[in-house]
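# Residue-level structure breakdown
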Amino acid sequence: MAKKIVAAVIGAAVMGIGAQAAQADTLSDVKAKGFVQCGVNGSNLAGFGAQDSAGNWSGLDVDLCKAVAAAIFGDATKVKYTPLSAKDRFPALQSGEIDMLARNTTWSTSRDSQLGFDFRAVNYYDGQGFMVKKELGVKSALELSGASICVQSGTTTELNLADYFRANNMDFKPVVFEAQDEADAAYNAGRCDAYTTDASGLYSIRLKMANPDDHMVLPEIISKEPLGPAVRQNDSKWLDVVSWSHYAMVAAEEFGINQENVEEMKKSANPDIKRFLGEEADSTLGADLGLPKDWAVQIVKAVGNYGDSFERNVGQGSPLKIDRGLNALWTKGGLQYAPPIR
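In every chain, residue numbers begin from 1 and rise along the written sequence. Per-residue local features are limited, in this predicted model, to residues with pLDDT of at least 70; the limit for side-chain atom pairs, both in listing and counting, is 80 or more; totals at the level of whole chains, interfaces and linings are taken over all residues. Note that water and hydrogens are dropped before the side-chain values are worked out from all heavy atoms of the structure.

## Let's talk about the side chain of arginine 103
Secondary structure elements follow DSSP: runs of H or I no shorter than four residues count as helices, runs of E no shorter than two count as strands, and numbering proceeds from the N terminus. Note on placement: arginine 103 falls in the loop between β5 (100-101) and α5 (109-113). It turns out arginine 103 is buried and unbridged, and the closest side chain with the opposite charge, aspartate 61, is 7.5 Å from it. Under the rule applied, a polar contact is a pair of N or O atoms within 3.5 Å (in protein, one hydrogen donor and one hydrogen acceptor; residues adjacent in sequence only if both atoms are side-chain atoms). At 2.7 Å, the side chain of arginine 103 and the backbone oxygen of leucine 84 are in polar contact. By the convention used here, residues are in contact when the closest approach between their heavy atoms is within 4.5 Å. In this structure arginine 103 touches Gly39, Val40, Asn41, Gly42, Asp61, Leu84, Ser85, Ala86 and Arg89, once residues within four positions along its chain are discounted. Here's how the labels work: a residue is buried when its accessible area is under 20% of the maximum for its type, exposed when over 50%, partly exposed in between, all with a 1.4 Å probe on protein chains only. Here the positive residues are Lys and Arg and the negative ones are Asp and Glu; neither His nor the chain ends is included. Salt bridge, as used here, is a side-chain nitrogen of Lys or Arg placed within 4 Å of a carboxyl oxygen of Asp or Glu.

## What to know about the packing of aromatic side chains
What characterises a pair of aromatic rings is the spacing of the ring centres plus the angle enclosed by the ring planes. Any Phe, Tyr or Trp ring, taking Trp's six-membered ring, that has another such ring centre within 6.5 Å forms a pair; planes under 30 degrees apart are called stacked, those over 60 apart edge-to-face, and the others tilted. Applying the stated criterion across every chain, the model contains 14 aromatic pairs. With a centroid separation of 5.5 Å and an interplanar angle of 55°, the aromatic rings of phenylalanine 255 and phenylalanine 276 are classed as tilted. A residue pair is termed long-range when its members are at least 10 positions apart, and phenylalanine 255 in helix α9 (residues 236-255) and phenylalanine 276 in helix α11 (residues 271-276) qualify at 21 residues. Its relative accessible area of 2% is what places phenylalanine 276 among the buried residues. Taken together, the aromatic side chains of Phe48, Tyr124, Tyr306 and Phe310 make up a single cluster linked through ring pairs. The positively charged end of arginine 324 is found above the aromatic ring belonging to phenylalanine 310, 5.2 Å away from the centroid. To sit over a ring, a charge needs its Lys NZ or Arg CZ within 6 Å of the ring centre and within 35 degrees of the ring normal.

## Looking at the confidence of the model for the protein chain
Per residue, pLDDT captures the predictor's confidence, and it can take any value from 0 to 100. With 93% of its residues at a pLDDT of 70 or more, the protein chain has an overall mean of 93. In this model, residues 1-22 is a region of pLDDT below 50 whose contacts with residues beyond four sequence positions or in other chains number one contact.

## With respect to the environment of asparagine 270
You can see asparagine 270 is positioned in the loop between α10 (262-265) and α11. The class of asparagine 270 is partly exposed, set by a relative accessible area of 32%. A distance of 2.8 Å separates a polar atom in the side chain of asparagine 270 from the backbone nitrogen of aspartate 272.

## With respect to the sheet that holds strand β12 (residues 215-217)
Two strands are said to pair when DSSP picks up at least two bridges between them. Sheet architecture is open: five strands sit in the order β10-β9-β11-β8-β12, paired in mixed fashion. Two strands bound the open sheet, and with one partner strand each, they are β10 (172-177) and β12. Ignoring strand direction, the axes of neighbouring strands in this sheet form an average angle of 30°. Bridge analysis of strand β9 (residues 147-152) against strand β11 (residues 194-198) gives two bridges, and the strand direction is parallel. Each residue of the ladder has a partner; that of cysteine 150, found in β11, is tyrosine 195. Lines are fitted to the C-alpha atoms to define the axes, a helix being fitted only along its stretch in contact, and any angle between axes, read from their N-to-C directions, falls within 0 to 180 degrees. Here helix α6 (residues 156-167) sits on the sheet in contact with β8 (128-133), β9, β10 and β11, set at roughly 80° to β8. Relative to β11, helix α8 (residues 199-208) is tilted by about 125°, and along the sheet it contacts β8, β11 and β12.

Printed below as a string of structure tokens:
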């Protein structure tokens, strides 16, 4: 009898969760409250999610939050930001505290299944690397055997670090911190020989050091880190809106559309461009997504195309000076690719 009762309770709980998931409609909730609650990096990660002294947020991830708001409301300011640590980001999304997570987060199997999230778009293709002080005389990660290495807990970085050293038969001493700011300070103070995280993060952290030129990022990339927005599972309408907001930025770059010429491009004779900008009289693309007809126009007006956002936040127009690399368009040897918008 006890087993039957336990089984019944578990079954009821599962049915309750399933019913709750089936009823998920974040897009309607966001429209009703009038803003997007976006989870971003709480450690002021330059280029991805950082807040200035006036309280203004900027970064590649922040631009995606703004793009989603622009697509829905025609107003990129209708976003409220929730700064989150690596440890707190997943509970915040699971609990409904935030509507979407745009916090340099790696898409992985366990996060896509076990944690109950959905990923689709990748707004930055990254990989894990190492940073050291030049005075250490190290030129390769393969020379780090026996080194102490600063790493943040609750990340894929911590797991990749152990895998890399084990695969190369090297020893290391992990110096683990829950908060990124703590890891930054420890490395800067010399408490560890090297610092490991996503390569993009290393370039950002390097700028925080007292003398950035005294530090170098080693050439090895030891993992694949596809970074992108996450939403809760079983909420396909919301996943569509978040994903296609990114794809619209990529498509705009493919079409040569930017903030300066978007109005002029409405006159284009190219049917793909006319469809993308909502200029085809019978187009239902916006309505099918639950968005206004000019949703893509509003995104471009608010944040520009993907290339604009990249260069402004992490590329040559930023202090980070990161090359496009894998984040170039597919037509230029990269991986950024928008599915057909039709």
